[in-house]
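Listed below, chain by chain, are the residues.
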Amino acid sequence: MTAHTAPPPAPPIGLLVELTHRCPLGCPYCSNPLALERPGAELDTETWKRVFGEAAALGALHVHLSGGEPTARRDIVELTSHASQSGLYTNLITSGIGVGEKLTGELAEAGLDHAQLSFQGADKETNDRLGHYSGSWERKRAFAGYVTTAGMPLTINAVIHRANLHQVGAFIELAVELGARRLEIAHTQYYGWALANRAALMPPRQEVERSIALVEEARARLKGELVIDMVIPDYYARYPKPCAGGWGRIAINVSPTGKALPCHAAETIPGLEFWNVRDHSLGDIWRLNPAFRAFRGTEWMLEPCRSCDRREVDWGGCRCQALALTGDARNADPACHKSPDHERIVATATAESESGREALRWRSYKQKVEA
Ligand code: SF4
Ligand code: FES
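Residues numbered from 1 in each chain as written. Chains lettered and ligands numbered in written order. Predicted model: local features only at pLDDT ≥ 70, side-chain atom pairs only at ≥ 80, totals over all residues. Heavy atoms only, no water.

**Q** When you look at empty space enclosed by the protein in this model, what are you seeing that I'm missing?
**A** Regions of empty space are outlined by a rolling probe, equal in size to a water molecule, passed over the atoms. Evaluation of the coordinates by the stated rule reveals 2 cavities of 30 Å³ or more. What the largest cavity holds in volume is close to 90 Å³. Lining the largest cavity are Tyr-239, Pro-240, Pro-304, Cys-305, Cys-308, Arg-310, Arg-311, Asp-314, Gly-316, Ala-332, Cys-336 and Lys-338. Split into classes, the residues belonging to the lining of the largest cavity amount to 7 nonpolar, 1 polar and 4 charged. Around the second largest cavity sit 13 residues that line it, and Cys-243, Trp-247, Gly-317, Cys-318 and Arg-319 are the ones nearest its centre. Partitioned by chemical class, the residues of the lining of the second largest cavity number 9 nonpolar, 2 polar and 2 charged. (1 Å grid on protein atoms, 1.4 Å probe; cavity = no way out; pocket = protein on both sides within 12 Å on 5 of 7 lines; lining within 4 Å. Points joined across faces, edges and corners; volume = space filled by probe spheres on them. Nonpolar A, V, L, I, M, F, W, Y, C, P; charged D, E, K, R; others polar.)

**Q** Looking at this structure, I do not really get the packing of aromatic side chains. What am I missing?
**A** What the rule picks out here adds up to 6 aromatic pairs. Between the aromatic rings of Trp-247 and Phe-295, the centroid separation amounts to 5.0 Å while the plane-to-plane angle is 90°, which identifies the pairing as edge-to-face. One end of the pair, Trp-247, is in the loop between strand E7 (227–231) and strand E8 (251–254); the other, Phe-295, is in the loop between helix H11 (290–293) and helix H12 (319–326), with 48 residues separating them in the sequence. Here Trp-247 matches Phe-295 in class, with each residue buried. (Phe/Tyr/Trp six-rings, centres within 6.5 Å; stacked < 30°, edge-to-face > 60°. Helix = DSSP H or I, 4+ residues; strand = E, 2+ residues; numbered from the N terminus. Buried < 20%, exposed > 50% of the residue type's maximum accessible area, 1.4 Å probe, protein only.)

**Q** Can you help me understand the packing of helix H2 (residues 76–85) against helix H3 (residues 101–109) in this one?
**A** A pair of packed helices is characterised by two quantities: the angle between their axes and the separation of those axes. Interhelical geometry of H2 versus H3 gives an angle of 20° and a closest axis separation of 8 Å. Of the possible angle classes, the one that applies to H2 and H3 is roughly parallel. Classified by chirality, the crossing of H3 by H2 is right-handed. Counting all contacts with H2, which are made through Ile-76, Val-77 and Thr-80, the residues of H3 involved are Leu-103, Glu-106 and Leu-107. Looking at the contact of H2 with H3, its residues break down into 4 nonpolar, 1 polar and 1 charged. (Axes fitted to C-alpha atoms, helices over the stretch in contact; angles between N-to-C directions. Parallel < 35°, antiparallel > 145°, perpendicular 65-115°, else oblique. Left-handed = near helix turned anticlockwise from the far one by under 90°. Contact = heavy atoms within 4.5 Å.)

**Q** What is the right way to read the site of ligand 1 from this model?
**A** Around ligand 1, the surrounding shell consists of Tyr-239, Pro-240, Pro-304, Cys-305, Cys-308, Arg-310, Arg-311, Asp-314, Gly-316, Cys-336 and Lys-338. In this structure the site holding ligand 1 corresponds to the largest cavity. (Near = heavy atom within 4 Å. Sits in = over half its atoms within 2 Å of the grid points.)

**Q** What exactly am I supposed to notice about the pairing of strand E3 (residues 89–94) here?
**A** Taken residue by residue, a regular strand's side chains alternate between the two faces of the sheet. Inspection of the sheet shows strand E2 (residues 62–66) paired to E3 by 4 bridges, in the parallel sense. Note that in E3 the partner of His-62 across the bridge is Tyr-89. Note that the unit made of E2, H2 and E3 has a crossover that is right-handed. Pairing between E3 and strand E4 (residues 114–119): 4 bridges, direction parallel. Looking across to E4, one finds that Asn-91 is bridged to His-114. Note on the crossover from E3 through H3 to E4: the handedness is right-handed. (Pairing = 2+ DSSP bridges. Right-handed = clockwise from strand over helix to strand, strands pointing away.)

**Q** Hey, could you run me through H2 in this one?
**A** For an α-helix, 3.6 residues make a turn, and residues three or four places apart therefore share a direction. Along H2, the positions that sit buried rather than exposed are Ile-76, Leu-79, Thr-80, Ser-81 and Ala-83. Each element contacted by the buried residues of H2 is listed here: helix H1 (45–58), E2, E3 and H3. At the C-terminal side of H2, Gly-87 shows a positive phi close to 100°.

Here is the structure:
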């Protein structure tokens, strides 16, 4: 990694806090690390509150309260209230499980601005099977009703892969039926559990193309009623996404135990030391932690990124994916067609999408923590 003397960075726009890794679901595409954190090691209420205050002082505009399942924290209302009073726009990213009408009302009263609710499938059977939780369908639908009744905007989040790609149209209908203002159709990103399950999750290219056409038709049809965001699978893209908006550029993730990370998979990159919010202010971490500076900007880039005219558009894609698929985090993300590894990963994706493998390895919080 190249040391460089960059000017002080612009403030982050957002903070994503993984309040806990506890979660009732077992999604096989979970982006949490394979080694999950125990509840006893999580940050306490006062430390999270300090972090929210520091984020606002640093110039951040919003906080995503995430997990695991963030409402597994008993102090979720207190944390939401403090984040809101600190001046941050608050977004709850939830499975909806265990969030009843009373708690939803308390969260709304505490200043929650927005709720983002995941569905694993667009019908009961698919949803409960892929979330590995029987009865989650009814609970999620009930939660959606509590949110809209409380007057909060609702986003439905659907992570798409081979086992539910055929339901893209049904997800759109579900979002309309539940009164959501936004639907995120996000193809699986292959980190953590999803990488372990890639052969069973990778969709065939033709089906992906059909789903893109379907979304485009729905966008035109539902204009003014529902906004549909779509993230297509990296491996079938021509250019990569600007992962995390560019390393150390617009966002900070904080893990349940307080490690500040430029992205949720950053710990997979060896040789980086991630400072903890228990020991350092968020401002110092943002400005000074060498891990945040390691891939900030463009000076660390190798060819073909270094001389590419998109280097400040996608920032070379994803460092974690570059490492996982090429062995060097400085390489161009092989989702990019200019990467010398691109053809190889497309061939792998194609072979896996046709492999017929269907066995999934479920994310298991209990098993991991009790092991
Ligand atoms: Fe992005 Fe690098 Fe590909 Fe250029 S070569 S498009 S900067 S990943
Ligand atoms: Fe780490 Fe993309 S997940 S840079």
